[in-house]
Amino acid sequence: MAADPQSDLLRELPAVDALLRDADLVRAQELYGRGLVRVQVRRELDGLRERIRAGDAGSLDEELAAQPRRVVRALEEEFGAPLRRVLNATGILLHTNLGRAPLPRAIARRLPLLLDAYCDLEFDLDSGSRLDRNHRSARLLEALTGAPAALVVNNNAAAMVLVLKAWALGREVVVSRGELVEIGGSFRIPELLESAGVRLVEVGTTNRTTVADYEGAIGPDTALLLKVYPSNYRQSGYVASVTPGDLVELGRRRKVPVLVDEGSGLLRVGPEREQLKGHPSLEQLVAAGCHLACGSGDKLLGGPQAGILVGEEVFVDRCRSHPLYRALRPDRTVLAALEGVLRLHLAGEALPLDRLWPDPESHRRRLEAAAAGLGAEIVTADAFLGGGSAPDRPVSGQVLALPDSAELAAQMRAGTPPVVGYSKGGRMILDLRTVDPEDDASLIAAAAAAQRRIGQARG
Ligand SMILES: *Cc1c(COP(=O)(O)O)cnc(C)c1O
């Protein structure tokens, strides 16, 4: 009897257990558990058997090589893909879709030691008594901004809601029409105010608001004067707005507290950077006498998602003792990361943010090494702070340019680790200013592998 090529093929199919030893499937078992992976492997092998019987299968080598990938795809579709480390080569430093500010590596490395055990989050090891979980970050924020008091909540939106609830519930908050902006992701200042249960009193016009406008709106029911620094939007031309100092002067005279939403968590003004001109730091707002000022932890501060509130003691205290604080307080993961980043600020250490303005000589060397590895050209392109910060103030510099964007971009996103760049003028741009230099080798390897896959697909 002649050998039946189909039964030969069927006999050559590996056992389920043999496939489970594939590196990708070993990893999949860590993510989904052995049982689920085994079921999926069996399903894929059954499917392959069907295709062989129907004469629809490709070469056995190719089919078998594709099995692990198909199993992982199916598992990801059913149970969701895991959160993955991504190399951000977009040149947008605070990329909201990629998690905003990356933590400094030194801080991220120390975190696990605090997370897989207990820690003295709310405990004084000297006396054995209870402590406020906020006290470490609060002391550091006070030292860094000069504020008498500070409080940390889950994000800046939460900080604003807490202040509004604690200080203005059912009463009026005066804000300039020029600052009633949408911050992004459908976060709109007027809607936030309304949802917090305060009445919005708009003053001035879209392009001009004066101290007299605020003053004219102050009545017996005025609870707060609010100023917002819409970092994702800037007006130019015939414009006027009131400085925090002028607003504070008015507030003190008329006995109405002033809240400034600084937005980006800029603690102090550091090296002169064109992109940050005209944006006050929390330290400056405190010095100007603002009763309260708030900002984000994961924008220019360079920490985890958090809301930073600084100001005078009575104003911060009432927020801390408000029942809503309980719903907005951060967990120890956030507080541990934030404390670490604040200590770096205190020590004056460099942060990932500073990579946007690299030393030209060492940046050149990085680019040349990567360009040689990838056959890339070095061209000029803009980077941005992002996260809504200074959109109209690019940071010009040198980047890598590769031919052929769309297909290459897809292959890079599919790589290990995924690399995200952007396309411009039919080229794929990789901006190393948003990549940790320690990740350069890994980026070059992943990008080169993506180029090879495209080369192979084209034969
Ligand atoms: C980003 C931003 C917010 C929102 O901060 P989150 O920390 O994301 O809640 C609020 N106000 C301003 C001015 C901002 O720039």
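Here the structure is a predicted model, which is why all the values come from computation and not from measurement.

Among the residues of helix 11 (residues 244-254), Pro244, Leu247, Val248, Leu250 and Gly251 are the ones counted as buried. Here the buried residues of helix 11 occupy an arc of 165° about the axis, which is enough to place them on one side. Tucked into the core, helix 11 has its buried residues touching helix 10 (211-217), strand 8 (222-228), strand 9 (258-263) and helix 12 (282-287). After helix 11 finishes, the residue Lys255 shows a positive phi value of roughly 60°.

Axis separation between helix 3 (residues 23-32) and helix 4 (residues 34-54) bottoms out at 7 Å; the angle between their running directions is 130°. Classified by the interaxial angle, the pair formed by helix 3 and helix 4 is oblique. Contact residues: Leu25, Ala28, Gln29 and Tyr32 in helix 3; Arg34, Leu36, Val37 and Val41 in helix 4. Each residue belonging to the contact of helix 3 with helix 4 can be placed in one class, and the counts come to six nonpolar, one polar and one charged.

This next bit is on the domain arrangement of the protein. Per the domain assignment, the segments making up the protein are domain 1 (5-79), domain 2 (87-97 + 354-458) and domain 3 (105-347). Look at where the C-alpha atoms of domain 2 and domain 3 centre, and you get two points 34 Å apart.

Lining the immediate environment of the ligand, one finds twelve residues, of which Asn156, Ala157, Asp261, Ser296 and Lys299 sit closest. Contacts to the ligand include Ala157, whose backbone N or O atom sits 2.9 Å from an oxygen atom. Protein coverage of the free-state accessible area of the ligand, which is 380 Å², stands at 93%.

Next up on the list: helix 16 (residues 360-374). When the terminal C-alpha atoms of helix 16 are compared, their 21 Å separation across 15 residues agrees well with the 21 Å that a helix rising 1.5 Å per residue should span. Within the sequence span of helix 16, burial applies to His363, Arg366, Leu367, Ala370, Ala371 and Leu374. Looking down the long axis of helix 16, one finds its buried residues gathered within 130° of arc, a one-sided arrangement. More than 90 degrees from the buried face of helix 16, the exposed residues found are Arg365 and Ala372. Considering only its buried residues, helix 16 is in contact with strand 12 (377-386), strand 13 (395-403), strand 16 (427-430) and helix 18 (440-457). Of the residues trailing helix 16, Gly375 is marked for its positive phi of about 65°.

Glancing now at the packing of aromatic side chains. Inspection of the entire model under this criterion finds two aromatic pairs. With a centroid separation of 4.5 Å and 35° between ring planes, the pair formed by Trp167 and Phe315 is classed as tilted. Here Trp167 is found in helix 8 (residues 156-168), whereas its partner Phe315 is found in helix 13 (residues 313-320), with 148 residues between them in sequence. The exposure class assigned to Trp167 is buried, which follows from its relative accessible area of 15%. Seen from the ring of Tyr229, Lys227 lies directly overhead, with NZ or CZ sitting 5.1 Å from the centre. Above the plane of the ring of Trp167 lies Arg318, whose end atom (NZ or CZ) is 3.6 Å from the centre.

Glancing now at unusual backbone geometry. Cis geometry is found at the peptide bond from Thr416 to Pro417, where omega equals -5°. In this fold, Pro417 is placed in the loop between helix 17 (405-413) and strand 14 (419-420). Even without being glycine, Arg100 reaches a positive phi, approximately 55°. Here Arg100 lies in the loop between strand 2 (92-94) and helix 6 (105-115). We note that Lys255 has phi near 60°; this positive angle belongs to a residue other than glycine.

Cut-offs used in this document
- Residues numbered from 1 in each chain as written.
- Predicted model: local features only at pLDDT ≥ 70, side-chain atom pairs only at ≥ 80, totals over all residues.
- Heavy atoms only, no water.
- Buried < 20%, exposed > 50% of the residue type's maximum accessible area, 1.4 Å probe, protein only.
- Helix = DSSP H or I, 4+ residues; strand = E, 2+ residues; numbered from the N terminus.
- Arc of directions from axis to C-beta.
- Contact = heavy atoms within 4.5 Å.
- Axes fitted to C-alpha atoms, helices over the stretch in contact; angles between N-to-C directions.
- Parallel < 35°, antiparallel > 145°, perpendicular 65-115°, else oblique.
- Nonpolar A, V, L, I, M, F, W, Y, C, P; charged D, E, K, R; others polar.
- Domains from an automatic or database assignment.
- Near = heavy atom within 4 Å.
- Polar contact = N/O pair within 3.5 Å; in protein donor to acceptor, adjacent residues only side chain to side chain.
- Areas by Shrake-Rupley, 256 points an atom, 1.4 Å probe, with all protein chains shown as cover.
- Expected span 1.5 Å × (residues − 1).
- Phe/Tyr/Trp six-rings, centres within 6.5 Å; stacked < 30°, edge-to-face > 60°.
- Lys NZ or Arg CZ within 6 Å of the ring centre and 35° of its normal.

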